[in-house]
Amino acid sequence: MFSVITVSDSCYAGSATDSSGPHLVGLIKQSLKPISVNYLLIPDERETIEKSLSYACDILKARAVFTTGGTGFGPRDVTPEATRAVITKEAPQLAMAMMLHSLEKTKFAVLSRAVCGVRGETLIVNLPGSKKAVQECFESVVDVLPHVLNLLCDAEIDRVRQTHGMEQGVRKAAVAKHVCPHATGKGSDEDRNSPYPMVSVDEALKLILSTFPTVEDAKCQLSRVNIPPFRASIKDGYALKSVGGKGMKKVIGYVAAGDPTVRNNFTIDECFKINTGAPVPEYADAVIQIEDTKLVSRENDYEKIVEILTNPTPDLDVRAVGSDLRMSEQVFRYRFPLDASQRALLAAIGEKVSTVKLKIAVLSTGDELLHPYDPSALAEAASLEGKIYDSNTTMLVALMRQFGFSDDQCEIQQQVVKDDFASLKKAIEALTSEVHIIVCTGGVSMGDKDFVKPVLKELGYELGFGRVNVKPGKPCTFASLPCTKFFGLPGNPVSAFVTFHLFVLPALRWGLAVLNKSAPQAAKCCLPIIDVELLDTYELDPRPEYARASLRSRRGKLTASITGDQLSSKLKSTIEADALVELPARTDQRTTAEAGTLLKAYVIRSDFISQYD
């Protein structure tokens, strides 16, 4: 993944149109063939530039970040200074190459102060602000960029050696013919493999989240009231003046929760009987609990005289005004979906839940699918062979509700679409721009009726990935437009179940937060991860596998038991599943995960421990 950042006050304010950034995105896609290019427009503010560069390097893990603009001598041109503040190594020769190339075109190239450097495994390159200069500078370094990026990544060391060998005249037979490390086939009659590069689970998730806009700070909720709004009694007891000490007191009144504050003065030998949560009388400064008193006399069923058995102290068992929450104090920083604690605090300060709703569409594709609750479908199922009930839409909507996507935070619609190009295109086209996220199951593999990817291309979606190195769920597909994100999940129910948890759920949480101008946290958006010990030896698959497992607590240690047959069509394996256990890919050296192996598990239930031993 690559990142392009345009730095321009005028473009950010909308008084000018950014032509350099989009042009640079096109050059990168054409020359370097990345999975995706993240584009961002920001003002000429040094702090903003530094944060944006750090985010692209540290969070998005972009292989390279290209900035355009802010490299001149103007008072607001601070891109080079911001870049130097975040890089750990400078790459002056790249900047020199761009300078020499530009000087052949114009003498004014000497006015550019561009900086190039490295942060972690990410290359950062400053480019000038004009579209023409961007083209010239990019062309001057594009041929060496793949080698630079390989040098920055330990995983690419074999390619580095190949490049060095070829540059030094060492032409080995093994590298005489270039083979793209990602290409697995063209899908033609001669090569029946998928043409889509296989990405890892981590790469897929980072790519998905990078397509959403970024928000710097989480939305903050302030209190508009004091809690409590009056001095409140912590106990059931007697409100009195502490200077009066212990001894006999005359009960001159009763104060219950909800009563107005008593403002009458009284003597040190008098008191008010008071309930928990009731307003403490204005001239009282302590509450003695009932357990520390003795009833002396009654009059007409009312307490008349009580004996206070302990010495009261000022403010004893009295909640001060605003002791829980003061007016204008920060209540919380929003996280989405809203949980019970946030809703309770909003209610406590008299605020209504107010969110911009995330609009979601859930589709299932397949001529064989029947609606499970339609009476006509029941009759059709009895009379026709080759038909099955659609469980995917029911499952996905139920999962969304289970994870907190309630009606006041999102709108969910669902439908079944026929297995033909025209029907699928019509359905997706109608939803594009009308909903924020489309989750579709089926139609993403290698069958004759798998039309999802061709439809997405025709509708102008940018395909992020078409395959993921995971079991189950290899054909999982993601595509995006600025207005709508599209998830193509496999049609097998378990594959849809697993890929929903790994990819769709984090995107829903992230998207709802961004929509409501709140900065999401990746760790909060993804499933919680715990360490578990495998109970039984398990045969590994060539792909990393997320197996459904039930969890037990044995003397404080969590153990995992795989829930039977893990076929991707066997929805029953999810019934007892508390977590998805991450199993490594099979190798020649390691063909099984032995009992007792410590593994990561992704918790999918709130009540995730099935048994205590």
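All of the points below concern the structure found in this document. Sequence order as written defines the numbering, with residues in each chain counted from 1. A pLDDT threshold of at least 70 governs which residues receive local features in this predicted model, and a stricter bar of 80 or more applies before side-chain atom pairs are shown or counted, although totals over entire chains, interfaces and linings include all residues. Each side-chain value is derived from all of the structure's non-hydrogen atoms; neither hydrogens nor water enter the calculation.

**Things to note about the overall build of the protein chain**
Okay, so step 1: The way it works is that DSSP assigns letters per residue, a run of H or I at least four long becomes a helix, a run of E at least two long becomes a strand, and they are numbered from the N terminus. Along the protein chain, the regular secondary structure elements total 16 helices and 34 strands.
Okay, so step 2: In the protein chain, which comprises 613 residues, the share counted as buried stands at 46%.
Okay, so step 3: By definition, residues are in contact when any of their heavy atoms lie within 4.5 Å. Across the protein chain, contacts joining residues at least 24 apart in sequence account for 71% of those joining residues at least 6 apart.
Okay, so step 4: For accessible areas, the Shrake-Rupley method is used with a probe of radius 1.4 Å. Any residue's cover is judged against the shown protein chains and nothing else. Looking at the protein chain as shown, the accessible area adds up to about 30,600 Å², and 52% of this sits on carbon and sulfur atoms. Per-residue accessibility, obtained with a 1.4 Å probe over protein chains only, is compared with the maximum for each type, and a residue is labelled buried under 20%, exposed over 50%, and partly exposed between these values.

**Observations concerning the environment of Phe272**
Okay, so step 1: Checked against the element boundaries, Phe272 lands in strand β12 (residues 270–274).
Okay, so step 2: In this structure the C-alpha to C-alpha distance between Phe272 and Val262, which are 10 residues apart in sequence, comes to 9.5 Å.
Okay, so step 3: Apart from the residues lying within four places of it in its own chain, the contact partners of Phe272 are Gly237, Tyr238, Ala239, Ile252, Gly253, Tyr254, Val255, Val262, Phe266 and Pro281.

**Points about the side chain of Thr67**
Okay, so step 1: Within the secondary structure layout, Thr67 lies in strand β3 (residues 64–68).
Okay, so step 2: Contacts of Thr67, omitting those with residues within four sequence positions, involve Ile5, Leu53, Thr79, Val125, Asn126 and Leu127.

**Re the pattern of salt bridges**
Okay, so step 1: What makes a salt bridge here is a side-chain nitrogen of Lys or Arg within 4 Å of a carboxyl oxygen of Asp or Glu, nothing more. The final tally for this structure, using the stated rule, is 23 salt bridges.
Okay, so step 2: A salt bridge links Glu81 to Arg113; its shortest N-O distance comes to 2.7 Å. Of this pair, Glu81 sits in helix α4 (residues 79–86) while Arg113 is found in the loop between α5 (92–103) and β5 (116–119), placing the two residues 32 residues apart along the sequence.
Okay, so step 3: When its relative accessible area of 23% is taken as the criterion, Arg113 is described as partly exposed.
Okay, so step 4: Through salt bridges with shared partners, one network takes in Asp9, Glu45 and Arg76.

**Description of the sheet that holds strand β15 (residues 302–308)**
Okay, so step 1: A sheet is described by the order of its strands in space; here six strands give the open sequence β13-β10-β12-β11-β15-β14, paired in mixed fashion. Of all the strands in the sheet, the pair left with one neighbour each is β13 (286–289) and β14 (293–299). For this sheet, the mean inter-axis angle between neighbouring strands, taken without regard to orientation, is 35°.
Okay, so step 2: Being paired, for any two strands, means DSSP has found at least two bridges between them. By the bridge criterion, four bridges tie strand β11 (residues 247–255) to β15 in an arrangement that is antiparallel. In this analysis an axis means a line fitted to C-alpha atoms, helices contributing only their contacting stretch, and an angle means the value between N-to-C directions, from 0 to 180 degrees.

**Details of the environment of Ser495**
Okay, so step 1: Secondary-structure assignment places Ser495 in helix α15 (residues 493–515).
Okay, so step 2: Here Ser495 falls in the buried class, since its relative accessible area comes to 4%.

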